[in-house]
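Working through the structure, step by step
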Amino acid sequence: MSCVRSRTRATAPEPAVRTGSGHLPELVRHLPLYVLGGAISTGLQALLFLLLRDPLTPAAANPVAIGVSTVLNTEFHRRITFRDVTGPRTRRHVQSAGTFLFYACAGTAALGLLHLLADDPSPMTETAVLVATSLVGGILRFLVLRSWVFVWSRDAGTAR
């Protein structure tokens, strides 16, 4: 006989069904929260990068800073911005890993390009490049999260 542990999950309030102009109220709620979470996590990433770039290297400090800020940012958006805490754990971990890889690769490429173009960029220049990369990535991420990841069952509910 096997024991199956049942765990109750917090359920999000029933989101509005996406029909025509129904997108606007949802967007009005999502966008400011997304910008707030993004600003906080980008600031945290920049601060961690600046603190870690000398004891490590810029190339090593970048993924560490991104790792910490990505975990916090993803949970903020999952729980607060998009109010979705019900997804399968495996899917959540894969999404977080994908987000980390995206930002780590984009940041590493941006730092590499900066070091190709400038002989000895200052820590503030490196940080500015990483922040700019995060801003562009954040816009892309919002579009992906809003249209693909956190679609919930609201679209499935309209298809039934």
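These figures come from a predicted structure and were not determined experimentally.

Thresholds, definitions, all that
- Going along each chain's sequence as written, the residues are numbered from 1 onward.
- For this predicted model, a pLDDT threshold of at least 70 governs which residues receive local features, and a threshold of 80 or more governs which side-chain atom pairs are given and counted, while totals over whole chains, interfaces and linings are taken from all residues.
- Hydrogen atoms and water are omitted, and side-chain values are computed over all heavy atoms in the structure.
- Numbered from the N terminus, helices here are DSSP runs of H or I no shorter than four residues, and strands are runs of E no shorter than two.
- It only takes one pair of heavy atoms within 4.5 Å for two residues to be counted as in contact.
- Residue burial considers only the protein chains on display, and all accessible areas are found by Shrake-Rupley using a 1.4 Å probe.
- For this document, the term salt bridge refers to a Lys or Arg side-chain nitrogen within 4 Å of an Asp or Glu carboxyl oxygen.
- Accessibility here uses a 1.4 Å probe with only protein chains present; expressed as a share of the type maximum, an area under 20% marks a residue as buried, one over 50% as exposed, and anything in between as partly exposed.
- Take the buried residues of types Ala, Val, Leu, Ile, Met, Phe, Trp, Tyr and Cys, join any two whose side-chain atoms come within 4.5 Å, and each joined set is a nonpolar core.
- A helix is expected to span 1.5 Å for every residue after the first.
- A patch consists of residues whose relative accessible area exceeds 30% and which take part in no salt bridge; residues with like charges are grouped when within 9 Å of each other, and nonpolar side chains (Val, Leu, Ile, Met, Phe, Trp, Tyr) when within 5 Å.
- Here a Phe, Tyr or Trp ring, Trp counted by its six-membered ring, pairs with any other such ring whose centre lies within 6.5 Å, and the pair is stacked when the planes are under 30 degrees apart, edge-to-face when over 60, and tilted otherwise.
- Residue-level confidence of the predictor is what pLDDT reports, using numbers from 0 through 100.

**Section: the overall build of the chain**
Looking only at helices and strands, the chain has 5 helices and 0 strands in total. In the chain, the order of α-helices and β-strands from amino to carboxyl end is α-α-α-α-α. Counted over contacts in the chain with a minimum sequence separation of 6, partners at least 24 positions apart contribute 75%. Taken as a whole, the chain presents about 9,800 Å² of accessible surface, with 70% of it coming from carbon and sulfur.

**Digging into the pattern of salt bridges**
Scanning all chains against the criterion turns up 3 salt bridges. Note that D54 and R53 form a salt bridge whose closest N and O atoms lie 3.0 Å from each other. Measuring nitrogen to oxygen at the nearest pair gives 2.6 Å for the salt bridge that ties E126 to R53. Pair noted here: E126 is in helix α4 (residues 123–149) and R53 is in the loop between α1 (23–52) and α2 (58–81), with a separation of 73 residues, a long-range link. Like E126, the residue R53 is buried in the burial classification. Salt bridges here are not isolated pairs; linked through shared partners, they connect R53, D54 and E126.

**Some details on the nonpolar core**
Listed in full, the 6 residues of the largest apolar core are L48, F49, A61, A65, L111 and L130. Among residues more than four places away in sequence, those in contact with F49 are P58, A61, N62, A65, L111, P123, E126, T127 and L130.

**Section: the environment of N73**
Relative to the elements of secondary structure, N73 occurs in helix α2. Considering only alpha carbons, one finds N73 and S41, 32 residues apart in sequence, at a separation of 5.8 Å.

**Points about helix α3 (residues 89–117)**
The first and last C-alpha atoms of α3 sit 42 Å apart over 29 residues, in line with the 42 Å expected at 1.5 Å per residue. Among the residues of α3, those classed as buried are R92, Q95, S96, T99, Y103, A104, G107, A110, L111 and L114.

**Description of a nonpolar patch on the surface**
Together, L56, V64, V68, V71 and L72 make up an exposed nonpolar region whose accessible area comes to about 400 Å². Mapped onto the elements, L72 comes out in helix α2.

**A few points about the packing of aromatic side chains**
Scanning the entire structure with this criterion turns up 1 aromatic pair. Measuring from centroid to centroid gives 5.2 Å for F102 and Y103, while their planes differ by 75°, and the two rings are edge-to-face. The class for F102 is partly exposed, based on a relative accessible area of 37%.

**Topic: the confidence of the model for the chain**
Residue-level pLDDT values for the chain average 78, and 73% of them are 70 or greater. Here helix α5 (residues 154–159) stands out as the least confident element of the chain, with mean pLDDT 48; α3 is the most confident, with 89. Confidence drops under a pLDDT of 50 for residues 1–21, and excluding neighbours within four residues, the segment shows 22 contacts in the predicted structure. Below pLDDT 50 for its whole length, residues 153–160 participates in 7 contacts with residues either more than four positions away or in separate chains.

**Remarks on the side chain of T42**
Within the element layout of this structure, T42 appears in helix α1. With near-sequence residues (within four places) excluded, T42 lies in contact with V131 and S134.

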